[in-house]
Amino acid sequence: MTQRLALRVVGRELPGAECGEFRDVHVAVQRGREPEGPVRGDAPEAVWEFEVAMAPALDGTPDFRGPYVQGARGARFFYLTWGELPPGGDFAMFRRAKLFFADLPEEVLAAGAGVAELGLTDGAGMPRCAAVRPPHVAWHTG
C-alpha cells in the first residue's frame with residue numbers, strides 16, 4: 001500500500017550570496033535534475049515543502065519514490081542543490097547536499113509527515129554539501 005509522506009525542509013544559517021569564488025549563490029531542493037524553489041544564500045532561512053510516495057519493499061522496509069527521490073533502493077536520498085543564479089541567468093550548480101530517507105525516524109514515517117532542520121553553512125563558511133546526516137540534520141514530526 002502506497003502512502004504519501006509530506007516533508008518540510010527548513011534550512012537556517014545560510015552562507016551568504018557570495019562564498020569563495022561563487023557569486024549570486026542560491027540553494028534549492030532538486031526535483032528530477034532541476035532546482036526547485038531557489039532561495040538566495042543571504043536569506044534568513046530557506047523552506048521547501050514536497051511529497052514523496054512511500055511503500056513497503058519486498059523485504060518490508062520502507063521504500064521511497066517520486067521526482068525528488070534519488071539513489072537506489074535501500075540508499076534513497078534527496079538533494080539540496082547549490083548554484084549561482086545571476087539575475088536573468090540560469091542556475092549553474094556547483095555543489096549538492098544529500099539528505100537520506102534512511103535517517104527518517106519511525107515516528108515521522110508513522111505520522112506521514114516530517115520536518116528536517118539543518119544549518120546550511122559548513123565549518124569553513126561555505127555551503128553545506130556532501131552527506132548530511134544526524135546530528136547535522138534534525139528530523140521530527142510535522
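Residues numbered from 1 in each chain as written. Predicted model: local features only at pLDDT ≥ 70, side-chain atom pairs only at ≥ 80, totals over all residues. Heavy atoms only, no water.

With that out of the way, let us pick up the sheet that holds strand S1 (residues 3-12). Strand pairing in a sheet is mediated by backbone hydrogen bonds. Such pairs are either parallel or antiparallel. Spatially, five strands are ordered S5-S4-S1-S8-S10 in an open sheet, and the strand pairing comes out mixed. Each edge of the open sheet is held by one strand with a lone partner, namely strand S5 (62-65) and strand S10 (137-141). Pairwise comparison of adjacent strand axes, ignoring direction, gives a mean angle of 30 degrees for this sheet. Two elements, S1 and strand S8 (residues 113-119), share seven bridges in a ladder whose sense is parallel. The residue of S8 that forms the bridge with Ala-6 is Ala-113. (Pairing = 2+ DSSP bridges. Helix = DSSP H or I, 4+ residues; strand = E, 2+ residues; numbered from the N terminus. Axes fitted to C-alpha atoms, helices over the stretch in contact; angles between N-to-C directions.)

Okay, the packing of aromatic side chains next. Applying the stated rule across the entire model yields eight aromatic pairs. Judged by centre distance (5.2 Å) and plane angle (75 degrees), the rings of Phe-50 and Phe-78 are edge-to-face. You can see Phe-50 sitting in strand S4 (residues 45-56) and its partner Phe-78 sitting in strand S6 (residues 77-84), a full 28 residues away along the chain. Given a relative accessible area of 0%, Phe-78 falls into the buried group. Among the aromatic residues, those joined into a ring-pair cluster are Phe-50, Phe-64, Tyr-68, Phe-78, Phe-101 and Trp-139. It is Arg-96 that lies over the ring of Tyr-79; its NZ or CZ is 3.8 Å from the centre. Above the face of the Phe-100 ring, Arg-133 is positioned so that its terminal group lies 4.0 Å from the ring centre. (Phe/Tyr/Trp six-rings, centres within 6.5 Å; stacked < 30°, edge-to-face > 60°. Buried < 20%, exposed > 50% of the residue type's maximum accessible area, 1.4 Å probe, protein only. Lys NZ or Arg CZ within 6 Å of the ring centre and 35° of its normal.)

Across the seven residues of strand S2 (residues 25-31), six count as buried, placing the element largely inside the fold. Note that S2 and S6 share five bridges and pair antiparallel. Residue pairing across strands places His-26 opposite Gly-83, the latter belonging to S6. Two elements, S2 and strand S3 (residues 34-40), share five bridges in a ladder whose sense is antiparallel. Residue His-26 lies in a different strand from S3, and its bridge partner there is Arg-40. Taking the residues that link successive antiparallel strands as the turn, the S2-S3 hairpin has two residues, and the phi of Gly-32 there is positive, at about 65 degrees.

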